[in-house]
Structure formats: C-alpha cells, structure tokens
Amino acid sequence: MLSEKALSAVVRTFTNQYLKLHPTDEAFVPGPEPGRTYMLYAHVPFCQVLCPYCSFNRFPYEHDKAKRYFENLRREMRMMSDLGFDFESLYIGGGTPTIMIDELCETIDLARELFSLKEVSSETNPNHLIPSYVEKLEGRVQRLSVGVQSFDDGLLKQMARYDKYGSGDEIFERIQYATPHFTSLNVDMIFNFPAQTPDILIADIERIIESGTSQTTFYPLMASPSVKSSMASSVGKVDYSREQLYYQIICELLTGQNASGEQVGPRLYQHGSAWTFNRCANEPDGGAKDEAGTLGDAMIDEYVVNYEEYPAIGSGGITYLGGNLYVNTFSVNDYNADIEAGHMSLMGKTEFSLLDRMRYRFMMQLFGLRLDKRQFREDFGVDIEKGLPIEMAFMRLAGAFDHDDENELTLTSTGRYLLVVMMRQFFIGVNNLRDQARAALTGEERKLFFSE
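Residues numbered from 1 in each chain as written. Predicted model: local features only at pLDDT ≥ 70, side-chain atom pairs only at ≥ 80, totals over all residues. Heavy atoms only, no water.

J.: Which residues make up helix H13 (residues 373-380), and what values go with them?
T.: Regarding H13, the residues found buried are Lys373, Phe376 and Phe380. With its buried residues spanning 55° around the axis, H13 presents them on a single face. Here H13 starts with a cap whose side-chain oxygen sits 3.0 Å from the backbone nitrogen of Arg374, and that cap is Asp372. Remark: Gly381 follows H13 within two positions and exhibits a positive phi of approximately 75°. (Buried < 20%, exposed > 50% of the residue type's maximum accessible area, 1.4 Å probe, protein only. Helix = DSSP H or I, 4+ residues; strand = E, 2+ residues; numbered from the N terminus. Arc of directions from axis to C-beta. Polar contact = N/O pair within 3.5 Å; in protein donor to acceptor, adjacent residues only side chain to side chain.)

See the structure below:
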C-alpha cells in the first residue's frame, strides 16, 4: 500500500533527525514534576540465549555479574526515591528479568517498600513458566508477559529458541498452566517472519485462542540495522510487502472484523492497542473482567501509551522526562561502577523540540487507539490541526480516523495498521539510538555483543 511506504519513509526521516544521542555528564535524571504520575522502568539485560532479531541491551548470563547487577539496580531504585519520585507502576523488562528469580523478587519487594505501587509488570521466557517460579511471582507480579514469538517448531529452531525453551506444544502447555495465576498474562508473538506462511500464522493464532491467555501482542518483525545481518542469516530477509495482509489475518481471526471494519466472525478479543489484543469477557480465561467486557487491568507492553514520561533504571534503560531522552550506559561493567560511585549511569541524551513532542504525543495516543484533542490543546497551546497539519491531512486522506470531532480521534482498521507502521519505524529508530549507545562498548563486552 502506497500510504504504508510513504509513512515508513516519513517516520524514518523524522526519527533519524531527532533520535540522535549527544554526550552528557549529568549525574542524575531530573526530579519529578508536582502532580504528574510516573511509571518506573527497570532493565535486566541478561539472557541465556541471545535471539537474532533482538536489538535490546542484552548479554549472556553470568551468575556473579548478574547478582552484582541486581544489587546495583536496587541501589539505583533508592536513588529514584531520594530524588522524590513515587511510582504507581513498575515495569521490568529485558533481557530476561526472571533469570535470577530470588533477586527479582527482592527487587520487587524493595520497590513496594519505597513506592506506592498499584501494579508490577514483568517479562519472562517460556522456560520460567514452571511452579517454582510462578509461585514466587504470583502476588508480586500482576501482569506477566512471556516471549513466545511462534508456536511453530521450525520457526523456533530458526530463532535458536527450540532447544532452550522447548517445542511449541511444551510452551503452549506452560501458558495454560500459568494464565490463572496472574491478573493478566500476555503472550508476545511476532508476525511476518520470512519463513512464516499464512497457514503457520493462522495456526499460531489458533493456539493463542486455545491457550486461554488473557492477552496477546503481535509485533511486526523489525529489521533494525544492528541485527540485520544476524537476522538475515538465521530467519531471512524481512518482506514488508506482505505485512498488511498478515496483520489483517490476525485482526480478523481475533476480533472477527475484516479490513473494512465489518463483523464477519466471532469477537474473541478486542484491541487494547494497535497490536495488542485483550480477550473478551465471554471467553474462558483466568482473569478478572472490567465493565467494558474485557479482562480487567490488561497490560500493554508499550507502557509509553499510559505514561508519557517515565524514568528508567538499569544498563540500557531509556528515560523520557521533560522533553528529553536520557540513555543509560550499555556497559554492565560501567553501570556497576557508576552506581557504586553514588551516581546514575547516564551516557547520552537527546532533546525533543515542541514539534517532536507533538508528534510523539500524536503517535503514542493513537497507538493506544484514542487521541484526546482537548488535552493536546491544553498541553501544547495549539489545536492539533494547526500543530500537525501535514500529519492530520495524511491520516484523513488515508481514511485512518473513525471518530474525528472537536474532542477526540479514534481509528479505523486502516488507521490501526498505519499506527503499526508508525510504531514499527519508531522502534527501529529507537534501536538506532541504542546502536549509538552500544557503539561505546569496549573490550569483552563489545565482543560478546557484536560477535552474535
């Protein structure tokens, strides 16, 4: 589709312009603004297997290094408290946060002591959906997100996940076991693998429905520069020309709506974001329901939808505060040394202009399915039509808006796919930012990452 290609090019240009990292010698992130609600992101970079498509900060697991890291993560958490931050939500990503389950639990327990947490979200891998882990996470973690990517054994082998995490059948059984133990269990999937046929994708969707999981997120495969070579040699070269078709298959089977927005099948799930789907109340599940008929307290991995500003702790963490992005060092060694020296590990920042901030709001709120025009006007001092005339004209011409009045913007099925495109390109841009930070790695750490 022409609008997809044009949009990809435009977002790529914008992100290349404003996601440029500049050195900083700041020792701490800015403190909180009175009255603003924040979420805390914590990054755990260790993995037992480094997936070829992943651009996040990650290193092979070593027990002693990881234990020291968790200790410093808790020190940095206390620094956030000393700055005056309070958080209602904690999101722990990776890497594999559950790689040292007792250290993770101690970290969560400290966060509950320091902050007014209402919810804790954590990522994990399928091999940790076992009783000894689930028993420790239940009650501590309300929203668990497990990276599955596919139930197809052939694709799992391509991704080097089969031997470590088990077959598609084994992963399916573990999801069924774990789902009832959490308010929300999200299963992360990836679509548009080069070797993924429509039949393989349909089989994956059918396993999701059968599993009973309360939520699923289908990410488009993202070919970031830092992983292009490893991705091409393992799973193949990504073909964006069929991405929209695959997205339509996912939406129709999960929500029952075709590309025209017509209800042509059962509505098993409904959109939580452009690529996240929440199970409807009339379906079997292990979670609570809300008044809208979906699972209550459903998690969205893209926490930036609900929290526009958020500080991040840990090596490779990215903070967005006061219109600035701050990037923590990608070196675990440097991170440990910085925290033990009594300051944070900020190695670079990028400043957003007013236009950048408006575009960021536009993309994030629409990705979450609704943009509040009144809030936009209040925060930026201009109507969205005047602040972003080109963006609004493009989306209207493409038929992206369902509701478009003085109060709000919501999306058609076409609009949701265009937001998938925008977010895909934005995250590739963020991965380029990570590459800039990763370029500073030296010695063994550089070898460990770049040899993968």
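J.: Which residues make up the pairing of strand E6 (residues 119-124), and what values go with them?
T.: Burial analysis of E6 places five of its six residues in the buried class, the great majority of the element. Across four bridges, strand E5 (residues 89-94) lies against E6 in parallel orientation. Bridge pairing in E6 places Ser89 opposite Glu119. You can see the chain leave E5, run along helix H3 (residues 101-114) and come back into E6, and the turn it takes is right-handed. The sheet contact formed by E6 and strand E7 (residues 143-149) spans four bridges and is parallel. (Pairing = 2+ DSSP bridges. Right-handed = clockwise from strand over helix to strand, strands pointing away.)

J.: Help me get a handle on the sheet that holds strand E18 (residues 408-411), residues and values and all.
T.: Here we have three strands laid out as an open sheet, ordered E16-E18-E17, and antiparallel in their pairing. With partners counted over all chains shown, the strands left at the sheet margins are strand E16 (370-372) and strand E17 (401-404), one partner each. Averaged over all adjacent pairs, the angle separating strand axes in this sheet is 15°, with direction ignored. Looking at chain direction, E17 and E18 are connected through two bridges and run antiparallel. (Axes fitted to C-alpha atoms, helices over the stretch in contact; angles between N-to-C directions.)

J.: How would you explain the packing of aromatic side chains if you had to name every residue and give the values?
T.: For the structure on display, the rule yields 19 aromatic pairs. Ring centres of Tyr247 and Tyr417 lie 5.7 Å apart, and the angle between their planes is 40°; on these two criteria the pair is classed as tilted. Of this pair, Tyr247 sits in helix H10 (residues 243-255) while Tyr417 sits in helix H16 (residues 413-438); the two residues are 170 residues apart in sequence, bridging distant segments of the chain. Here Trp275 and Phe367 contribute two aromatic rings whose centre-to-centre distance is 5.0 Å and whose plane-to-plane angle is 75°, an arrangement assigned as edge-to-face. One end of the pair, Trp275, is in the loop between strand E10 (269-271) and strand E11 (276-279); the other, Phe367, is in helix H12 (residues 354-367), with 92 residues separating them in the sequence. Considered together, Trp275 and Phe367 belong to a single accessibility category, that of buried residues. Ring-pair connections join several aromatic residues into one group, and the members of that group are Tyr219, Trp275, Tyr310, Tyr320, Phe352, Tyr360, Phe367, Phe426 and Phe427. In this arrangement the basic side chain of Arg207 is found over the ring face of Phe151, its NZ or CZ atom lying 5.8 Å from the centre. (Phe/Tyr/Trp six-rings, centres within 6.5 Å; stacked < 30°, edge-to-face > 60°. Lys NZ or Arg CZ within 6 Å of the ring centre and 35° of its normal.)

J.: Talk me through unusual backbone geometry; I want residue IDs and the actual numbers.
T.: Look at the link from Gly94 to Gly95: it is a cis peptide, with omega at 15°. Position of Gly95 relative to the elements: it lies in the loop between E5 and H3. In the Ramachandran plot, Ala160 falls in the positive-phi region, its phi being about 60° despite a non-glycine side chain. With respect to the secondary-structure elements, Ala160 resides in the loop between helix H5 (153-158) and helix H6 (162-165). Its identity as a non-glycine residue notwithstanding, Leu369 has a phi of 90°, on the positive side. Tracing the chain through its elements places Leu369 in the loop between H12 and E16.

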